[in-house]
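Residue-level listing of the chains:
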Amino acid sequence: VILCRRKEVDIPELDRYYIFEGNTTLRYIAFAILPLSLLYMPTKLKRPFDDHIRPDYHDVILDSIADGVFTVDDNWSITSFNRAAEQITGVRREEAVGQRCKDVLNADVCEKGCILRKTIQSGKSIVNRTVNIVDAEGRRLPISISTALLKDEQGRIVGAVETFRDISVEEKLRKAIAERYFFE
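What comes next concerns the included structure. (Residues numbered from 1 in each chain as written. Predicted model: local features only at pLDDT ≥ 70, side-chain atom pairs only at ≥ 80, totals over all residues. Heavy atoms only, no water.)

Pairing in this open sheet of five strands is antiparallel, and the strands run β4-β3-β7-β6-β5 from one edge to the other. Strand pairing shows two members of the sheet lacking a second neighbour, β4 (78-81) and β5 (126-134), which therefore form its edges. When the angles between neighbouring strand axes are averaged without regard to direction, this sheet yields 30 degrees. As judged from the three bridges shared by strand β3 (residues 68-73) and β4, these two strands associate in the antiparallel manner. Paired with Phe70 across the strands is Phe81, a residue of β4. Running at roughly 25 degrees to strand β6 (residues 140-151), helix α7 (residues 115-122) makes contact with β3, β5, β6 and β7 (157-166) of the sheet. (Pairing = 2+ DSSP bridges. Helix = DSSP H or I, 4+ residues; strand = E, 2+ residues; numbered from the N terminus. Axes fitted to C-alpha atoms, helices over the stretch in contact; angles between N-to-C directions. Contact = heavy atoms within 4.5 Å.)

Rendered as structure tokens:
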């Protein structure tokens, strides 16, 4: 986010804040996955920004995020897929981009309860929903997902973004605790 240009906006009760401008996809993803406190920060916390940003920095930023992140267009085709998404799913970015998300993630909710579809239909983000995917090795993997809309400058929906993280360790611990508690 600090790699985007900024636009000063006056919000009387909050001092001066900046709205970030820059690469459209990066802006959409930033608004979808970053807390508002990181997007709207008081000017005294800001650092100078470089107006000469390399165009591939949005990939660098996405690949720096520990959670899996992918975006889809209005045809459900994956348009971006970060490094963490590759590691969690076992699917390379080159193989994922251009494919339908249901064909890459093989989630248990894809056909009958697609979370991205619910987000697009309702216009509301969904946060920390647990689903199961099948990774490239055929293993069932529990993940926690969050979704948000991608909108263009006119406010039209152009796709969606999903972030996800592997929660298999947490699930194993939860089961172990439940079994121990139940049998004692």
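Under the defined criterion, the tally for this structure stands at two aromatic pairs. Arranged with centres 6.4 Å apart and planes meeting at 45 degrees, the rings of Phe70 and Phe81 form a pair that is tilted. Here the residue Phe70 occupies a position in strand β3, and Phe81 occupies one in strand β4, the gap between them amounting to 11 residues. Like Phe70, the residue Phe81 is buried in the burial classification. A centroid spacing of 6.1 Å and a plane angle of 65 degrees characterise the contact between Phe70 and Phe164, whose relative ring orientation is edge-to-face. Of this pair, Phe70 sits in strand β3 while Phe164 sits in strand β7, placing them 94 residues apart in sequence. Among the aromatic residues, those joined into a ring-pair cluster are Phe70, Phe81 and Phe164. (Phe/Tyr/Trp six-rings, centres within 6.5 Å; stacked < 30°, edge-to-face > 60°. Buried < 20%, exposed > 50% of the residue type's maximum accessible area, 1.4 Å probe, protein only.)

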